[in-house]
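Survey of secondary and tertiary structure
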Amino acid sequence: QVQLVESGGGLVQAGGSLRLSCVGSGRTFSSRTMGWFRQAPGKEREFVSAITRGDSTYYGDSVKGRFTISRANSKNTVSLQMNSLRPEDTAVYYCAVTKAIYSTIYAKSSYDYWGQGTQVTVSS
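A few words on unusual backbone geometry. Here D55, not a glycine, exhibits a phi torsion of approximately 70 degrees, which is positive. Inspection of the secondary structure assignment puts D55 in the loop between β5 (46–51) and β6 (57–59). Take D55: its relative accessible area is 42%, and that puts it in the partly exposed class.

Written out as structure tokens, the structure is:
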């Protein structure tokens, strides 16, 4: 059974940092793009960041320059270093893995596997 398990969420003051991690099991994801989405209450789930099998990285406009995505050598772990956090970053953060073939890295529909989510709360 394929599973993605996120960790590292929590409560932090504005300007602080958190590091999210996601570990996959049940199959290897080395050939897939891995990414992060987030969903705030009452809002659509939105793209945050992704990293391809070749280590190319992509970021949503609202997090560019503040968040950094990376993946471990095993390729089954993806991390998201979040700096200079803002109250508007408050959301449930989800780890995801793309389908073998997808049209755009930014769309939820391109992703096959999802974690259960981890809450990030940034206080002002």
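Take the side chain of T77 next. With respect to the secondary-structure elements, T77 resides in strand β8 (residues 77–82). Judged by relative accessible area, which is 19%, T77 ranks as buried.

Opposite charge on two side chains lets them pair, provided their charged atoms get close. Summed over the entire model, instances satisfying the criterion amount to four salt bridges. With a shortest N-O distance of 2.6 Å, E46 and R38 are connected by a salt bridge. A salt bridge links R66 to D89; the shortest N-O distance between them is 2.8 Å. In this pair, R66 sits in the loop between β6 and β7 (67–71) while D89 sits in the loop between β8 and β9 (91–98), placing the two residues 23 residues apart along the sequence. A relative accessible area of 7% places R66 in the buried class. The class of D89 is buried, set by a relative accessible area of 0%. Residues participating in the shared-partner salt-bridge network are R38, E46, R66 and D89.

Now for the packing of aromatic side chains. Tallying each qualifying case throughout the model produces seven aromatic pairs. Their ring planes at 75 degrees and their centres at 4.8 Å tell us that F47 and Y106 sit as a pair that is edge-to-face. Of this pair, F47 sits in strand β5 while Y106 sits in the loop between β9 and β10 (111–114), and the two are 59 residues apart along the sequence. Residue F47 is classed as buried on the basis of its relative accessible area, which comes to 12%. One aromatic cluster is present, built from ring pairs that chain together F37, F47, Y58, Y106, Y111 and W114. Positioned above the aromatic ring of Y94, the side-chain terminus of R45 is 3.6 Å from the ring centre.

Reading the values: rules and limits
Residues numbered from 1 in each chain as written. Predicted model: local features only at pLDDT ≥ 70, side-chain atom pairs only at ≥ 80, totals over all residues. Heavy atoms only, no water. Helix = DSSP H or I, 4+ residues; strand = E, 2+ residues; numbered from the N terminus. Buried < 20%, exposed > 50% of the residue type's maximum accessible area, 1.4 Å probe, protein only. Salt bridge = Lys/Arg side-chain N within 4 Å of Asp/Glu carboxyl O. Phe/Tyr/Trp six-rings, centres within 6.5 Å; stacked < 30°, edge-to-face > 60°. Lys NZ or Arg CZ within 6 Å of the ring centre and 35° of its normal.

No statement about biological role is implied by the geometric values presented.
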